[in-house]
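Structure assessment
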Amino acid sequence: MYERIREKLGILADAAKYDVSCSSSGSNRKNENKGIGDAEGSGICHTYTEDGRCVSLLKILLTNHCIYDCAFCVSRRSNDIKRAAFTVEEVVELTMNFYRRNYIEGLFLSSGIFKDADYTMERLVRIVKKLRQEERFNGYIHLKTIPGASDELLHEAGMYADRMSINLEMPTETGLKLLAPEKSHAEVKKPLKYIQSNITQFESEKALIKSVPKFVPAGQSTQIVVGATPESDKEILYTANAFYQNFSLKRVYYSGYIPISNDARLPVIGSQPPLIRENRLYQADWLMRFYGFNVREILNDVHPNLEADVDPKLSWALRNLDQFPVDINTADYYMILRVPGIGVSSALKIVQARKFGRLYQSHLRKLGIAFGKARHFIRYADSPVQLKEYEAGHIKGLILSESKSKYQKNALNQLSLF
Amino acid sequence: MELYLFDGSLEGLLSAVFACYERKSQVVKLVNEASHIPDVFDPGYRVISDREKGKRVWKGLCKKLGKEWQFRFYKAFLSEQPEVYQHLLNFARYVIDQPPGASENFAHADVLAVSQAAQKVHREKHRMEAFVRFQKTGDGIYYAHIEPDFDVLPLLPEHFQNRYADQRWIIYDLKRKYGIYYDLEKTEEIELETAPQMSIVNALPADLLDEKEELYTLLWQDYFKSTNIQARKNMRLHVRHVPRRYWKYLSEKQG
Ligand code: SF4
């Protein structure tokens, strides 16, 4: 008797997994009604897939029936696959039972488009409404915005969801038109804008009246598929940057395209997904959001692509050696942040610790910086007298030879951030 | 150098700090008497755990430490690591002797050691929050057991109470043989007479379980399998996130 529901879950989780977003943080929904769940604070990864991705949400499609035929998508109507659809009750029950057992932080619900946009969106809204109102569920809900859905439905969805997202899919309009002629970036921008303005409005009301209900408290995100179409990293990152700025997005996700189709417009099945490139894009994205870098410093016409062998921060430093060495004991926090091998938390520790006395090499090592990498770019209390200035190629060579074995082992896989 | 022995409790540790001042000791070596091999030439000074003295020291510390550092101090203590007691004692004396703000001196060996121990415990707490898998029993209690590296149970109630306010639950530490039980009102420490074995995740005998429990375990295992992307498989990264010693908690790793 379990077979039917198991099969459905198999199909609809499988079809949903290519949406890489796993975030379950950034909301502030507290369990105030002695109901169940709490989406306050940072999200939790309850397990990791064998490819090392965080599992924090039950990520499923309501259905994989779809009237569209986007070439990059497994659910496209011309694809000969098994189709299934959950009922509203099934999704609610799965979510509640997984949540109560501490398997998940909440639900990530998306769907193929069946009949039309509003019909689909209306179903999705019915599910989240039931979770919030009948089950008093305060866990995290990430809801996909269905392009073309009416403002009324989007508004209602926003009253229940913590995060909403709608995917750009291809980094440029040209790329998108090539693979999904029925779609456009314009229809992604419209709902993003609508929800953004609602968020702003709710926030300004909240400043005046305390009891204003929440509206998409964890904000909006989008996903860009990398490597399906021939855009440069610069085009990808500039698009991401524009969307961060114009729509106040919380996250842009980059998803290395995994070949799932024999379509001649796409990389052939079996070719390696561009995982290093994807990782480099995430690193560059972090530099923009947390390290005070301008996108033009990272990529520009002279330097349109991220390198595979060095991370974007090191790459920037090597191209800007005139800004180094940075004196750990006196430099501005933001300049310390720009040193390869020093992350946010060690930079903070450095500026705190140096108030108590000058910092030596031994301190720096203990504070958790990647000293082997950083040493080429910094001065500290006992730094050796340097007779000649090294040039970029030489430093790069030194760093790469020291970290070579590590790099090679990970070559085909995702690397960690910095 | 003077040798101090204490009983391993937080109260005892704080009393030892008190004794340093009372006895005007200079350099003190603090050892948990449970792990101490008696030495005929140096019987050491035996610290008596004293609630009042402990409180006074804690108050003194709180004057110098922000909320976060108070919490860190406690977390570092829960690491139960033999060398941490010495660091905590030195740290407390250092902080008390210095003007406020000394705890930000990460170049100081004890400050760094305490903050690192706290960080380890914090990570373990976070892992338990993530990896606990409840099983619903026939009488509606959600049960899970764990064997954490550090004594993190005292840190868990807040998180689970906020999250599972409308269900009764038990989290049991098999290693330290006690658990916490939330009865819809409050969370209390409990001891089970016959605690189950930590062999596999589904350690509770089938007759104790809710009839739907098997279904949800299955569905979760199915979900874990279907959400995997074969083309991206990377076991090295996987194991870094979920070290093998935690696999025993995870029903999805058993299927
Ligand atoms: S509309 Fe969405 S689900 Fe349908 S084919 Fe396009 S990407 Fe896939």
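Here the structure is a predicted model, which means the values were calculated and not measured.

1. Here we look at the overall build of chain A
A tally of regular secondary structure across chain A gives 16 helices and 12 strands. Taking 2.2 N^0.38 as the reference for a compact globule, 418 residues should give roughly 22 Å; the C-alpha atoms of chain A span a radius of gyration of 24 Å, in line with that estimate. Expressed along its principal axes, the backbone C-alpha trace of chain A runs to roughly 75 × 55 × 40 Å. Burial analysis of chain A (418 residues in total) assigns 56% to the buried set. Within chain A, residue pairs in contact and separated by at least 24 positions form 67% of the contacts whose partners lie at least 6 positions apart. Carbon and sulfur atoms provide 52% of the accessible area of chain A, an area that totals close to 17,600 Å². Averaged over its 57 positive side-chain charges, chain A has a centre that lies 5 Å from the centre of its 48 negative ones.

2. Topic: the packing of helix α1 (residues 10-22) of chain B against helix α4 (residues 82-97) of chain B
Residue and element names in this part refer to chain B. Closest axis-to-axis distance for the α1/α4 pair is 10 Å, and the angle between their directions is 50°. Taken as axis vectors, α1 and α4 run oblique relative to one another. Two packed elements cross with a definite hand, and for α1 against α4 that hand is right-handed. Contacts between α1 and α4 pair Leu13, Ala16, Val17, Cys20 and Tyr21 from the former with Tyr85, Leu88, Leu89, Ala92, Arg93, Ile96 and Asp97 from the latter. Residue composition of the contact of α1 with α4, grouped by class: 10 nonpolar, no polar and two charged.

3. A closer look at the site of the ligand
The environment of the ligand is formed by A:Cys66, A:Tyr68, A:Cys70, A:Cys73, A:Arg76, A:Gly112, A:Ile113 and A:Lys183. Of the residues that constitute the shell around the ligand, the class distribution is five nonpolar, one polar and two charged.

4. Describing helix α4 (residues 151-160) of chain A
Residue and element names in this part refer to chain A. Buried residues of α4: Leu153, Leu154, Ala157, Gly158 and Tyr160, and no others. Each buried residue of α4 sits inside an arc of 160° when the element is viewed along its axis, so together they form one side. Looking at the packing, one finds that the buried side of α4 touches β1 (28-29), α3 (117-133), β7 (140-144), β8 (163-165) and α6 (186-208).

5. Considering the environment of A:Arg265
All names here are of chain A. In this structure, Arg265 sits in the loop between β10 (251-256) and α8 (275-290). The spacing of Arg265 and Asn198 is 67 residues in sequence and 38 Å in space, taken between C-alpha atoms. Here Arg265 is in contact with Ala71, Leu178, Leu179 and Ala228, once residues within four sequence places are set aside. For Arg265, the side chain forms a polar contact with the side chain of Asp263, separated by 2.6 Å.

6. A look at the interface of chain A and chain B
Where the parts come together, the accessible area they lose is often given as the size of the interface. Chain A puts 61 residues into the contact, and the matching count from chain B is 60 residues. Both faces considered, chain A and chain B share a buried interface measuring about 5,500 Å² in area, 55% of it formed by carbon and sulfur atoms. Counting the surface chain A buries against chain B, the share from its top three residues, A:Glu50, A:Arg101 and A:Tyr103, is 14%. Two residues, B:Glu213 and A:Arg101, come together in a salt bridge whose shortest N-O distance is 2.9 Å. Inspection of the region where chain A meets chain B yields 23 residue pairs in polar contact (both at pLDDT 80 or more). Going through the elements one at a time, α1 (3-14), β3 (47-48), β5 (57-61), α2 (88-100), α8, α12 (344-353), α13 (361-366) and α16 (404-410) of chain A are the ones with two or more residues in the side of chain A that touches chain B.

7. What to know about α3(A)
All names here are of chain A. Taking 1.5 Å per residue as the helical rise, α3 with its 17 residues ought to reach 24 Å, and the 24 Å between its terminal C-alpha atoms agrees with that figure. Check the buried side of α3 and you find it contacts β1, α2, β6 (106-110), β7, α4 and β8. Sitting at the amino-terminal end of α3 is Asp116, which places a side-chain oxygen 3.1 Å from the backbone nitrogen of Asp118.

8. Comments concerning the domain arrangement of chain A
Structurally, chain A comprises domain 1 (3-257) and domain 2 (312-413). The distance between the C-alpha centroids of domain 1 of chain A and domain 2 of chain A comes to 39 Å.

9. Here we look at the UniProt feature "domain: Radical SAM core" (unreviewed entry) in chain A
Residues given the UniProt feature "domain: Radical SAM core" (unreviewed entry) here are residues 61-198 of chain A. For residues 61-198 of chain A, the helix share is 43%, the strand share is 10%, and the end-to-end C-alpha distance is 26 Å.

What counts and what doesn't
- Throughout, a residue's number is its position along its own chain's written sequence, starting from 1.
- Chain A is the first chain written and ligand 1 is the first ligand written, with later ones labelled in order.
- Where local features are concerned, this predicted model is filtered to residues with pLDDT of at least 70; where side-chain atom pairs are given and counted, the filter is 80 or more; whole-chain, interface and lining totals use all residues.
- Values shown for side chains rest on all heavy atoms present in the structure; no hydrogens or waters enter the calculation.
- Strands are runs of DSSP state E lasting at least two residues, helices are runs of H or I lasting at least four, and both sets are numbered from the N terminus onward.
- Both definitions apply: the radius of gyration is a C-alpha atom measure, and the globule rule equals 2.2 Å times residues to the power 0.38.
- Think of it in three bands: residues with accessible area under 20% of the maximum for their type are buried, residues over 50% are exposed, and the middle band is partly exposed, with areas taken using a 1.4 Å probe on protein chains only.
- In what follows, a contact means two residues having at least one pair of non-hydrogen atoms within 4.5 Å.
- Computed by Shrake-Rupley with a 1.4 Å probe, the accessible areas treat only the displayed protein chains as cover when residues are assessed.
- A residue counts as positive if it is Lys or Arg and as negative if it is Asp or Glu; His and the chain ends are not included.
- We put the charge of a Lys on NZ, of an Arg on CZ, of an Asp on CG and of a Glu on CD.
- Simply put, an axis is a line fit to the C-alpha atoms, just over the touching stretch for a helix, and the angle between two N-to-C directions goes from 0 to 180 degrees.
- Orientation labels follow simple angle bins: below 35 degrees gives roughly parallel, above 145 gives roughly antiparallel, 65 to 115 gives roughly perpendicular, and whatever is left gives oblique.
- What makes a crossing left-handed is the near helix being turned counterclockwise from the far one by less than a right angle; a clockwise turn instead makes it right-handed.
- Side-chain classes follow a simple rule in which Ala, Val, Leu, Ile, Met, Phe, Trp, Tyr, Cys and Pro form the nonpolar group, Asp, Glu, Lys and Arg form the charged group, and the remainder, Gly included, forms the polar group.
- In these notes, residues near a molecule or strand are those with any non-hydrogen atom within 4 Å of it.
- Directions drawn from the helix axis to the C-beta atoms are what define this arc.
- Two N or O atoms form a polar contact when they lie within 3.5 Å of each other; inside protein one atom must be a possible hydrogen donor and the other a possible acceptor, and for residues adjacent in sequence the pair counts only when both atoms belong to side chains.
- Throughout, buried area stands for the accessible area (probe radius 1.4 Å) lost by two parts on being put together, summed over both.
- Salt bridges are defined as contacts in which a side-chain nitrogen from Lys or Arg sits within 4 Å of a carboxyl oxygen from Asp or Glu.
- Working rule for helices: expected span equals 1.5 Å times residues minus one.
- For each domain, the first and last residues come from an automatic or database assignment.
- UniProt positions are given in the numbering used here, feature names are shortened, and annotations may be inferred rather than shown by experiment.

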